[in-house]
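Here's the letter readout for the chains.
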Amino acid sequence: MHKIVWWSICTLVAAHTLCAQNNVSFLEEQVDSHMDQWVRFYQELHASPELSFYEKETGEKMALVLEKLGFKVTREVGGFGVVGVLRNGDGPTVMVRTDTDGLPIVEETGLPFASKVTTQDEEGNQVGTMHACGHDLHMTVWSGTAAVLSQNRDQWSGTAVFIAQPAEERSGGAKAMLAEGLFEKYPRPDYVLALHTHPSLAAGNIGYTPGYAMSNVDFMKITIFGKGGHGAYPHTTIDPVTLAARTIVDLQTIVSREISPLEPAVVTVGKITGGTKGNIIPDKVEMELTLRSYSAEVKQALIDKIRRICMGNAISVGLPEELYPEVWVRPEDTPAVYNDPDLTQELATALSDRLGAEHVMELDPVMGGEDFARYGRVEPKIPICMLRLGAVAPEKIKAAEAGEISLPSLHSSKFAPEAKPAIETGVK
């Protein structure tokens, strides 16, 4: 592996080569001295989330952090995104990314600093707002890493580019920042690095996954039409409710019977609406789906097969062509996260040396999605890697393994990470 890779590893772990003093590394002393400040900042972020595309105040907080550390900062990149550049002599350019947006969830953690924020979503609904996916942890670790690097410039050389990306949950922020010239107007990175909390990994641990780590995410809406009428006379109608029910069952055979068992794929119908009253057969039913895959071939196969099944079922009940289903696929898809295998393995080795091999473990890929993937899809390709940050108290993991409790997942109203050890490990 070229020396540039090793320099990049050092940047991620906040100066891997910092000398030991009295058997306690200088890095550990610095992290320990800042922990109370970072925990308070985490709590502040947790209590004040903002929804995707509305992260104005959060973006300003990130910009101020970098400005105070000596970064040259640009605001409102791709919405409320922030880019900070810290030049420190010759060497590689390493980009470190955090995401900033919260979710439309009413928090139920019971934490003293729990979010009480409510706001209106784009449809005008009053919704709660919560950091239920760990973005508050990500921002805190990102800020702490920037601080350690800034305060120890004699220990490394190169250019650090720190970006605070909006709208990850809506899968639009990375695309918007790239479209505004992230890799053209600012130093083009040799590597792009990030981390993401893990809801079942003990705090103090780091996970890594070479190759595919997260999936393609596609969103689909299907409108199934029929001929409505009185529920007492179904023979005079073509019932879109029963047609939708049949279609949902048929869709489940795509993964089980039409995709290779060796290829991961998911088809989930998460929403179905139709009708106004039990004795009225409606004219249409609407469904919303999420599709997950790794390869481009499987992604397209899922879409094509869903269209075929919807059309075939409509024909089978005798619907005229003007009442064939409408199948809409959201153009803003999320591509699969592919961690560069060489970079990821080099990171794993360096982290094992820094944190101890027992705290660094290879994890299986998951079917969640992350628009961090887009930073590795540009031409020419840039190696990227997203690590997983343990965020659960070890005693809770033991209790869950014993069947005594269930661990809240990401996007749960009860997700409450073990912040202090997670921040400490993340910054290191």
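The structure contained in this document is the topic of the report that follows.

1. Points about the overall build of the protein
Phase 1 of the analysis: The number of helices and strands found in the protein is 11 helices and 20 strands.
Phase 2 of the analysis: Referenced to the eigenvectors of the C-alpha coordinate spread, the extents of the protein come out at roughly 85 × 45 × 45 Å.
Phase 3 of the analysis: Taken over 428 residues, the protein has a buried fraction of 54%.
Phase 4 of the analysis: Expressed as a percentage of contacts within the protein between residues at least 6 apart in sequence, the contacts between residues at least 24 apart total 81%.
Phase 5 of the analysis: Total accessible area computed for the protein in this model is approximately 19,100 Å², and 51% of it derives from carbon and sulfur atoms.
Phase 6 of the analysis: Where the 38 positive side-chain charges of the protein centre and where its 56 negative ones centre are 3 Å apart.

2. Some thoughts on the pattern of salt bridges
Phase 1 of the analysis: Scanning the model with the defined rule gives 20 salt bridges in all.
Phase 2 of the analysis: The partner of Glu370 in a salt bridge is Arg97, and the shortest N-O contact between them spans 2.9 Å. Here Arg97 lies in strand 5 (residues 93-99) and Glu370 lies in the loop between strand 19 (360-362) and strand 20 (384-392), a separation of 273 residues in the sequence. Here Glu370 and Arg97 have matching classes, each one buried.
Phase 3 of the analysis: A salt bridge links Glu122 to Arg170; the nearest nitrogen and oxygen atoms lie 3.1 Å apart.

3. Some remarks on the sheet that holds strand 8 (residues 158-165)
Phase 1 of the analysis: The strand order 3-4-8-5-9-20-10-19 describes an open sheet built from 8 strands, whose pairing is mixed. Taken across any chain shown, the strands that pair with only one partner, and hence form the sheet edges, are strand 3 (72-77) and strand 19. Ignoring strand direction, the axes of neighbouring strands in this sheet form an average angle of 25°.
Phase 2 of the analysis: Strands strand 9 (191-202) and strand 20 of the sheet are contacted by helix 10 (residues 394-401), whose axis makes an angle of about 55° with strand 9.

4. So, the sheet that holds strand 16 (residues 284-293)
Hydrogen bonds between backbone groups are what pair the strands of a sheet, and the pairing can be parallel or antiparallel.
Phase 1 of the analysis: Pairing in this open sheet of 4 strands is antiparallel, and the strands run 14-16-12-17 from one edge to the other. Each edge of the open sheet carries a strand with a single partner, namely strand 14 (265-274) and strand 17 (326-329). Averaged over neighbouring strand pairs, the angle between their axes works out to 20° when direction is ignored.
Phase 2 of the analysis: Strands strand 12 (216-225), strand 14 and strand 16 of the sheet are contacted by helix 7 (residues 240-258), whose axis makes an angle of about 170° with strand 14.
Phase 3 of the analysis: Helix-sheet contacts for helix 8 (residues 296-316) involve strand 12, strand 14, strand 16 and strand 17, and the interaxial angle to strand 16 is about 160°.

5. Some details on the side chain of Thr100
Phase 1 of the analysis: Looking at where Thr100 falls in the secondary structure, it is placed in the loop between strand 5 and strand 6 (118-120).
Phase 2 of the analysis: With sequence-adjacent residues up to four places away left out, Thr100 is seen in contact with Glu55, Thr58, Met62, His131, His135, Met139, Ala164, Gln165 and Pro166.

6. Points about helix 8
Phase 1 of the analysis: The terminal C-alpha atoms of helix 8 lie 30 Å apart, and with 21 residues this matches the ideal 30 Å at 1.5 Å per residue to within 8%.
Phase 2 of the analysis: Along helix 8, the positions that sit buried rather than exposed are Val298, Lys299, Ala301, Leu302, Ile303, Lys305, Ile306, Ile309, Cys310, Asn313 and Ala314.
Phase 3 of the analysis: In this fold, the buried residues of helix 8 make contact with strand 12, helix 7, strand 14, strand 16 and strand 17.
Phase 4 of the analysis: Looking one or two residues beyond helix 8, the residue adopting positive phi is Gly318, at roughly 85°.

7. A short note on the nonpolar core
Nonpolar side chains in soluble globular proteins generally cluster together in the buried interior.
Phase 1 of the analysis: If you look at the biggest cluster of nonpolar residues, it comprises 51 residues, and the most contacted ones within it are Trp38, Leu66, Phe71, Phe162 and Ile423.
Phase 2 of the analysis: When residues no more than four places from it in sequence are discounted, the contact partners of Phe71 are Leu66, Gly84, Val85, Leu86, Ala146, Ala160 and Phe162.
Phase 3 of the analysis: Judged by nonpolar contacts, the second largest core, of 26 residues, contains Ala265, Ile306, Ile309 and Val327.

8. Overview of the packing of aromatic side chains
Phase 1 of the analysis: Taken as a whole, this structure holds 8 aromatic pairs when the rule is applied.
Phase 2 of the analysis: Here the aromatic rings of Tyr212 and Tyr338 are separated by 5.1 Å at their centres, their planes lie at 75°, and the arrangement is edge-to-face. With Tyr212 in strand 11 (residues 211-214) and Tyr338 in strand 18 (residues 337-339), the pair connects residues that are 126 residues apart, well separated along the chain.
Phase 3 of the analysis: Judged by its relative accessible area of 35%, Tyr212 falls in the partly exposed class.
Phase 4 of the analysis: An aromatic cluster is present here, built from Phe71, Trp142 and Phe162 joined pairwise through their rings.

9. Digging into unusual backbone geometry
Phase 1 of the analysis: The omega angle of the peptide bond from Glu379 to Pro380 is -10°, so this bond is cis rather than trans.
Phase 2 of the analysis: Within the secondary structure, Pro380 is located in the loop between strand 19 and strand 20.
Phase 3 of the analysis: For Phe53, which is not a glycine, the phi torsion comes out positive at approximately 75°.
Phase 4 of the analysis: One can find Phe53 in the loop between helix 2 (26-47) and helix 3 (56-68).
Phase 5 of the analysis: For Phe53, a relative accessible area of 37% translates into the label partly exposed.
Phase 6 of the analysis: If you check the backbone angles, Ser171 has positive phi at about 55° while not being a glycine.

What counts as what
Residues numbered from 1 in each chain as written. Predicted model: local features only at pLDDT ≥ 70, side-chain atom pairs only at ≥ 80, totals over all residues. Heavy atoms only, no water. Helix = DSSP H or I, 4+ residues; strand = E, 2+ residues; numbered from the N terminus. Buried < 20%, exposed > 50% of the residue type's maximum accessible area, 1.4 Å probe, protein only. Contact = heavy atoms within 4.5 Å. Areas by Shrake-Rupley, 256 points an atom, 1.4 Å probe, with all protein chains shown as cover. Lys, Arg positive; Asp, Glu negative; His and termini not counted. Charge placed at Lys NZ, Arg CZ, Asp CG, Glu CD. Salt bridge = Lys/Arg side-chain N within 4 Å of Asp/Glu carboxyl O. Pairing = 2+ DSSP bridges. Axes fitted to C-alpha atoms, helices over the stretch in contact; angles between N-to-C directions. Expected span 1.5 Å × (residues − 1). Core = buried A, V, L, I, M, F, W, Y, C linked by side-chain atoms within 4.5 Å. Phe/Tyr/Trp six-rings, centres within 6.5 Å; stacked < 30°, edge-to-face > 60°.

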